[in-house]
Amino acid sequence: MHRGPITEAAIAAAAVDPDIGGAAASYDWDLFVIGGGSGGLACAKAAAELGARVALADFVKPSPQGTKWGLGGTCVNVGCIPKKLMHTAALHGEAMKHMAPSFGWNVDPATLKLDWETLRSNVCDYIRSLNFGYSASLRSKNVKYLNVYARFQDPHTLELEDKNGTKTVVTARRVLLATGGRPTTLDIPGREHVITSDDIFFLERDPGRTLVVGASYVALECAGFLTGIGRTATVMMRSIPLRGFDADMANRAVDFMEQHGTAFVRGCVPVAITKDATDGTLRVEYENVSTKERGVLGPYDTVLAAVGRKPETAAIHLDKSGVRLHPTSGKVPTDHFERTNVPHIYAIGDIIEDGLELTPVAIHAGRALADRLYAGGKTVTEYRSVPTTVFTPLEYGCVGLSEEAATEKFGIIEVYHTNFKPLEWQLPHLDDNACYMKLIVNPMDSERIIGFHILAPNAGEITQAVAVAVRCRATKADFDATIGIHPTIAEDMTTLKVTKSSGASAEKAGC
Ligand code: FAD
Ligand code: NA7
């Protein structure tokens, strides 16, 4: 879909979608939102607050393993929230084991054991409280919540099917597609033994010894927290880690994981999984992608596939709506204003082509869309310079371009960088120089910051603030002129001196 320049006129025109039903047509709803995840909820609530008559359908098809959950979508139920809580459980364990004794705590690291059932049930209770909170907030904002699966009958008509198979039909002036995505799994013999991120957080049995297949952020985050809670985790990656992120940072994040107990099997893919008939453990036959040599790994208690996600666009009869899909990704092409090719049908969140699969992006897009449609708002969601963080054991936060993308875009770049060790790691003598940050600047434009990357504890908290500076088009001189907060990790960004081009070491010798 063409994404031309964003002008005032274009923004205003985008809010006046022609009503193909004709001016006299009357509809059950002004806006019907399909999908009650991050984006759909945000848009529905904002539109209703602005006076629109809004209904929202959310229906979770159980995973192939039978896991299901409530209102709120991926982030709340099987994404950001449980993942960050389990990451936190791992960080607590690591701190108790490796740090607490040096700070005088009488902890015996050898006896520490995480009780999976306590963690899982507390996380699930919290998720259920969020599910309840979402349905209460829809009610209070006057959004009609329907626990039904929605499909198109025609561009303004939807068939709604509940869990008993009962069908009803509604009409809507506008429709918002916010159906998100679901994990793909392995297409190999024994795939029925494989779980995905849709299952791991709700798993009633202890995951135990786990093979994680895939090397993107979902894979590394899951392997990281499993290692941190004392389970044995092995990552099988067929090529590079964290494709799309800065390669140097990705490798550093993986090195840290490897040094802290996560095993990596590189250049391999699983080809078959067998389950032992007596003890139920899993063995994984794998193949080296270049040599084609085969081997067997195991036994495992769990095989977790984190090999990508696919958009939930195949079963909603989009052909009857006229909305076109991207031929290979199956995602929905949209313009700057979240419009599909059908003027009154919009799409946001994980299903859009060339979007970003992140909760705050879906929320921003949903709110901005409601504001443009029902209040003459002018805000347009920008899908660039969006900060993000990978919650690996040592967190990796970034905003702006990777070194590879910056070099491709600008040709010549400069990188200011430093290794460092947080003060908190000094007493327990934890890894020297494992933490790292870099500012990528454009030397031809006053050393404007075009990328920031950090591998450190609490990287997400730091990166969020840097994102404001990047958005304000800060330069290296602005960072130099900013006085640091001592003693923090983040203060190093105000004193960066070593450039990559100098070839000097970025490692630090002392405090
Ligand atoms: P979703 O939240 O997926 O919601 C879509 C909803 O629509 C679902 O409830 C679905 O069941 C429902 N639905 C689908 N079809 C229909 C239909 N026909 N009728 C009715 N209902 C339907 N993002 C971050 O920003 N930070 C993170 O740390 C982070 N961690 C993640 C970790 C994992 C393991 C995963 C998988 C994702 C993570 N994400 C993270 C991504 C984030 O969860 C998504 O970007 C976000 O949830 C997308 O929101 P959405 O509104 O597009 O769709
Ligand atoms: P991604 O980002 O699509 O990454 C998939 C990973 O799985 C990646 O490392 C792939 O390797 C690997 N992969 C894909 N297929 C296979 C097979 N068949 N065998 C082995 N390895 C495979 O998926 P995620 O699930 O981590 O995250 C998707 C989005 O969900 C993400 O953007 C978040 O917003 C939430 P490759 O690099 O292609 O060699």
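Scroll up to find the structure.
What comes next concerns the included structure. (Residues numbered from 1 in each chain as written. Chains lettered and ligands numbered in written order. Predicted model: local features only at pLDDT ≥ 70, side-chain atom pairs only at ≥ 80, totals over all residues. Heavy atoms only, no water.)

### Some remarks on the overall build of the protein chain
- Along its length, the protein chain carries twelve helices and 22 strands.
- The C-alpha atoms of the protein chain give 24 Å as radius of gyration, which agrees with the globular expectation for 511 residues (24 Å, within 12%).
- Burial statistics for the protein chain: of 511 residues in total, 52% are counted as buried.
- Sequence separation of 24 or more characterises 65% of the internal contacts of the protein chain that already satisfy a separation of 6 or more.
- When the accessible surface of the protein chain is summed, it comes to about 23,200 Å², and 54% of that surface belongs to carbon and sulfur atoms.
- Looking at the protein chain, you have 52 positive and 59 negative side-chain charges, and the mean spots of the two groups are 4 Å apart. (Helix = DSSP H or I, 4+ residues; strand = E, 2+ residues; numbered from the N terminus. Rg over C-alpha atoms; globule rule 2.2 N^0.38 Å. Buried < 20%, exposed > 50% of the residue type's maximum accessible area, 1.4 Å probe, protein only. Contact = heavy atoms within 4.5 Å. Areas by Shrake-Rupley, 256 points an atom, 1.4 Å probe, with all protein chains shown as cover. Lys, Arg positive; Asp, Glu negative; His and termini not counted. Charge placed at Lys NZ, Arg CZ, Asp CG, Glu CD.)

### Quick look at the sheet that holds strand β12 (residues 268-275)
- If you trace the three strands from one edge of the open sheet to the other, you get β12-β13-β14, paired in antiparallel fashion. A single partner strand is all that each edge strand has here, and the edge strands are β12 and β14 (294-300). The sheet shows a mean angle of 25 degrees between the axes of neighbouring strands, direction not considered. (Pairing = 2+ DSSP bridges. Axes fitted to C-alpha atoms, helices over the stretch in contact; angles between N-to-C directions.)

### Points about the packing of aromatic side chains
- Counted according to the given criterion, the structure contains five aromatic pairs.
- Above the ring of Tyr436, the side-chain terminus of Arg252 is found at 3.5 Å from the ring centroid.
- The side chain of Lys476 reaches across the aromatic face of Tyr416, ending 4.3 Å from its centre. (Phe/Tyr/Trp six-rings, centres within 6.5 Å; stacked < 30°, edge-to-face > 60°. Lys NZ or Arg CZ within 6 Å of the ring centre and 35° of its normal.)

### Some remarks on the nonpolar core
- With 72 residues, the main nonpolar core has Ile200, Phe225, Tyr396, Trp425, Phe452, Ile454 and Val466 as its most contacted residues.
- Setting aside its immediate chain neighbours within four residues, Phe452 contacts Gly397, Cys398, Val399, Met437, Lys438, Leu439, Ile462, Thr463, Val466 and Met493.
- By size, the runner-up hydrophobic cluster in this structure holds 49 residues, among which are Val54, Leu56, Tyr149 and Val170. (Core = buried A, V, L, I, M, F, W, Y, C linked by side-chain atoms within 4.5 Å.)

### Thoughts on the site of ligand 1
- Taken together, 36 residues surround ligand 1, and among them Gly39, Asp58, Thr74, Lys83 and Asp350 come closest.
- One of the backbone nitrogen or oxygen atoms of Gly39 is found 2.8 Å away from an oxygen atom of ligand 1.
- Phe59 is positioned with one of its backbone polar atoms (N or O) 2.9 Å from an oxygen atom of ligand 1.
- A total of 1,000 Å² of accessible area belongs to ligand 1 in isolation, and the protein chains cover 95% of it.
- For the shell around ligand 1, the elements supplying multiple residues, two or more each, are α2 (38-49), α3 (73-78), α4 (80-98), β4 (149-154), α7 (217-228) and α9 (359-375).
- Per-element tally for the shell around ligand 1: the top contributor is α3, with four residues. (Near = heavy atom within 4 Å. Polar contact = N/O pair within 3.5 Å; in protein donor to acceptor, adjacent residues only side chain to side chain.)

### What about α9?
- Across its 17 residues, α9 extends 23 Å between first and last C-alpha, which sits within 8% of the 24 Å expected from 1.5 Å per residue.
- Within α9, burial applies to Thr359, Val361, Ala362, Ala365, Gly366, Ala368, Leu369, Ala370, Arg372 and Leu373.
- The secondary structure elements touched by the buried residues of α9 are α1 (8-14), α2, α3, α4, β6 (167-177) and β17 (345-347).
- Where α9 terminates, the next one or two residues include Gly376, which has phi positive at roughly 65 degrees. (Expected span 1.5 Å × (residues − 1).)

### Re the pairing of strand β15 (residues 302-305)
- In β15, alternate side chains face the same way, and those of Thr302 and Leu304 on one face and Val303 and Ala305 on the other are all buried.
- Of the pairings in the sheet, the one linking strand β8 (residues 194-195) to β15 comprises two bridges and is parallel in character. Bridging across to β15, Val194 finds its partner in Val303.
- Of the pairings in the sheet, the one linking strand β9 (residues 210-213) to β15 comprises four bridges and is parallel in character. Residue pairing across strands places Val212 opposite Leu304, the latter belonging to β15.

### Brief notes about a nonpolar patch on the surface
- Taken together, the side chains of Phe103, Trp105 and Leu427 define a hydrophobic patch exposed on the protein surface, amounting to about 370 Å² of accessible area.
- If you trace the backbone, Phe103 turns up in the loop between α4 and α5 (116-140).
- For Phe103, a relative accessible area of 42% gives the class partly exposed. (Patch = residues over 30% accessible without salt bridge, like charges linked within 9 Å, V, L, I, M, F, W, Y side chains within 5 Å. Salt bridge = Lys/Arg side-chain N within 4 Å of Asp/Glu carboxyl O.)

### Quick word on the pattern of salt bridges
- Scanning the model with the defined rule gives 31 salt bridges in all.
- Residue Glu117 is joined to Arg120 by a salt bridge in which the shortest nitrogen-to-oxygen separation is 3.1 Å. A residue pair is termed a helical-turn pair when its members lie 3 or 4 positions apart in one helix, as Glu117 and Arg120 do in helix α5 at three residues.
- For Arg120, a relative accessible area of 12% gives the class buried.
- Among the ionic pairs, Lys500 bridges to Asp248, the shortest N-O distance being 3.7 Å. Residue Lys500 is found in the segment after α12 (476-481), and its partner Asp248 is found in helix α8 (residues 247-259); the two are separated by 252 residues along the sequence.
- Salt bridges linked by common partners bring Asp246, Asp248, Arg252, Glu403, Lys438 and Lys500 together as one network.

### Quick look at the sheet that holds strand β19 (residues 396-400)
- With antiparallel pairing, the five strands of this open sheet are ordered in space as β18-β19-β22-β21-β20. Looking at the sheet topology across the chains shown, the edges are occupied by β18 (388-390) and β20 (414-420). Within this sheet the neighbouring strands show an average axis-to-axis angle of 15 degrees, counted without direction.
- As paired elements, strand β21 (residues 435-442) and strand β22 (residues 448-455) share seven bridges and run antiparallel to each other. Paired with Tyr436 across the bridge in β22 is Leu455.

### Some details on the site of ligand 2
- The environment of ligand 2 is formed by 15 residues, the closest being Ser216, Ser239, Arg243, Arg309 and Glu357.
- Between ligand 2 and Arg238 there is a distance of 2.9 Å, counted from an oxygen atom to a side-chain nitrogen or oxygen.
- Ser239 is positioned with one of its side-chain polar atoms (N or O) 2.4 Å from an oxygen atom of ligand 2.

### Focus: the pairing of β12
- Relative to strand β13 (residues 282-288), β12 runs antiparallel, the two being bridged by seven bridges. From the neighbouring strand, Lys275 faces β13, where its bridge partner is Leu282.
- Linking β12 to β13, which pair antiparallel, is a turn of six residues; within it Gly280 sits at a positive phi near 75 degrees.

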